[in-house]
Amino acid sequence: MLRFFPFGEHFEPGMAGRSLSEGEPLVDVDEAHYAPEIALKRALLAQAQRDYFLAPAELAPAQWEVLELVSSDLVRRYPEWFSLERDGERCCFHNRLLSEETRFVLGDASSLPLEPLDWIGRQVQEDLVLVRADARGTLVGGQLCFPNSWDLPERAGSSYLAIHQRTPGSTMVGVHAGGRLLQALKPQRTFCRIGWNFKLSNQLDLSTKHLPAYLAHAAARSPELDAAGVARELFIRIERQTFTRLTRSQHVLFGIHTYLSALEAEAQDPERARRILQVVTEAPDDVKRYKAILPLEAAFRAYLEGKLQRPPSQHDGSAVTTSASGYQTGPNSGPRPSVASSPASANSEPMPPSTSACSSGLDGAKRAVR
Ligand code: HEM
């Protein structure tokens, strides 16, 4: 099941996020999916680096800041898996999940096999994107392997508002609030929000070049799916997004960790099923259109309503504690990442407890800039 569950009691048109607390990691290591997702990331970068990594010369200092920030977060949060020995600027980084050791000299690009942001990005499941500290909030570059319907080459150089021009009108209040928040964000404070979507695929890399194939698949499958079909083939796709102001360059680091889980797996828990149904029922039509829910809505509702009508003894899901905010931690599971668009059923693998994720509302946003 999803590690972070974004559906609360009601549809939230705002930015739905808050500051991370001291105890919460910037980078979430989802151990059950770590090795295959890192392998997929590295394979994509090996096949088509220019589609997934973009770092103009102006990002050279910021790349080192990201490496330092992310590696120190990994070491602090997950000492059993990551460690960093330092002797002045000389570093030795150990990644025990992959049995790898890397030696480098901080600030010396020739000491690493890859550019610093490219190297650290291959140690974490997060995508790492950089936004310049200018008045437009310009997207400059980063490493982006698992985007939902966009890519870096197409959006680099665009302002924050231009990037969001296709987002539904009813969410624009949240987008504008997010823009103000990013302008005011202070270093040492990370803001976090969780976005959700539904896909007829568990393909992590849904960058622009894969869109025609995905859209054709969804257009062909949607009219054919009944309640049982939606349960089997529809995936909830969430993004745990973090925003952190870098101390020296002042760029904003935008981290995106994507998680997938089959609707069928989430609906095993009646509380999760109820909240998904409630939020989707309340969502305005422009949001449903944007998230391509409309063609599936009847089957989707029939499935969840049917699930909720079954007596509790027939629910076979694992228990999770669901907070009123909607964002909380549960046992982790989810499908293995896939490069193919064919649906797959979800695995269920127990996980140690992780962070409690985000609560909603603009109040949280305000706390991030104080
Ligand atoms: C607190 C800050 C932000 C807020 C509140 C926000 C909000 C949103 C919302 C509401 C959507 C529509 C999808 C959804 O419902 O989740 C969206 C989509 C998107 N956001 Fe953001 N966003 C933020 C920051 C950023 C940043 C910094 C970037 C990149 C530099 C970004 C890139 C995108 C992209 C590429 C999309 C998809 C747009 C499309 O479909 O054309 N967002 N965002």
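See the structure printed just above.
Residues numbered from 1 in each chain as written. Predicted model: local features only at pLDDT ≥ 70, side-chain atom pairs only at ≥ 80, totals over all residues.

Caption draft 1: Summary view of the overall build of the protein chain. Across its full length, the protein chain holds 13 helices and ten strands. Residues classed as buried in the protein chain amount to 42% of the 370 residues present. Excluding contacts between residues fewer than 6 apart, the proportion of contacts in the protein chain whose partners are at least 24 apart in sequence is 76%. (Helix = DSSP H or I, 4+ residues; strand = E, 2+ residues; numbered from the N terminus. Buried ≥ 20, exposed ≤ 12 C-beta atoms within 10 Å, placed from the backbone. Contact = placed C-beta atoms within 7 Å.)

Caption draft 2: Spotlight on the sheet that holds strand S8 (residues 190–199). Taken together, seven strands build an open sheet; the order of strands is S1-S8-S9-S10-S6-S7-S2 and the sheet is antiparallel. Each having just a single partner strand, strand S1 (17–19) and strand S2 (53–54) make up the two edges of the open sheet. Of the pairings in the sheet, the one linking strand S6 (residues 127–131) to strand S10 (residues 252–262) comprises five bridges and is antiparallel in character. Within the sheet, the bridge partner assigned to Val 129 lies in S10 and is Phe 254. (Pairing = 2+ DSSP bridges.)

Caption draft 3: Local environment of the packing of helix H10 (residues 270–282) against helix H12 (residues 297–309). The geometry of H10 relative to H12 is characterised by a closest axis approach of 10 Å and an angle of 145° between their N-to-C directions. Crossing handedness for the pair H10 and H12: left-handed. In contact with Pro 270, Ala 273, Arg 274, Ile 276, Leu 277 and Val 280 of H10, H12 contributes Phe 300, Arg 301, Leu 304, Glu 305, Lys 307 and Leu 308. Split into classes, the residues belonging to the contact of H10 with H12 amount to eight nonpolar, no polar and four charged. (Axes fitted to C-alpha atoms, helices over the stretch in contact; angles between N-to-C directions. Left-handed = near helix turned anticlockwise from the far one by under 90°. Nonpolar A, V, L, I, M, F, W, Y, C, P; charged D, E, K, R; others polar.)

Caption draft 4: Highlighting the pairing of strand S9 (residues 235–245). Among the eleven residues that make up S9, eleven are buried, leaving the element largely enclosed by the rest of the structure. Burial of S9 is two-sided: the residues Phe 235, Arg 237, Glu 239, Gln 241, Phe 243 and Arg 245 facing one way and the residues Ile 236, Ile 238, Arg 240, Thr 242 and Thr 244 facing the other way are all buried. Pairing of S8 with S9 involves ten bridges; the strand directions are antiparallel. The residue of S9 that forms the bridge with Asn 197 is Arg 237.

Caption draft 5: Broad picture of helix H1 (residues 31–52). Its 22 residues give H1 an end-to-end C-alpha distance of only 23 Å, which falls more than 12% under 32 Å, the value for a rise of 1.5 Å per residue. Along H1, the residues classified as buried are His 33, Glu 37, Ile 38, Leu 40, Lys 41 and Tyr 52. Against S2 and strand S7 (139–143) lie the buried residues of H1. (Expected span 1.5 Å × (residues − 1).)

Caption draft 6: A look at the nonpolar core. Judged by nonpolar contacts, the single largest core of 39 residues is most densely connected at Val 66, Val 70, Val 129 and Leu 130. For this core, the secondary-structure elements that each account for two or more residues are H1, S2, helix H2 (60–77), helix H3 (116–121), S6, S7, S8 and S10. By residue number, the principal contributor to this core is H2, which donates seven residues. Once residues lying within four places of it in the same chain are set aside, the contact partners of Leu 130 are Leu 59, Ala 62, Val 140, Gly 141, Gly 142, His 251 and Leu 253. The next biggest cluster of nonpolar side chains, apart from the first, holds 32 residues, and it includes Leu 200, Ile 236, Tyr 259 and Ile 276. (Core = buried A, V, L, I, M, F, W, Y, C linked by C-beta atoms within 7 Å.)

Caption draft 7: A look at the pairing of S7. Of all five residues making up S7, five are buried, and the element is well covered by its neighbours. Relative to S7, S6 is paired through four bridges, and the arrangement is antiparallel. Among the inter-strand pairings, Val 131 is bridged to a residue of S7, identified as Leu 139.

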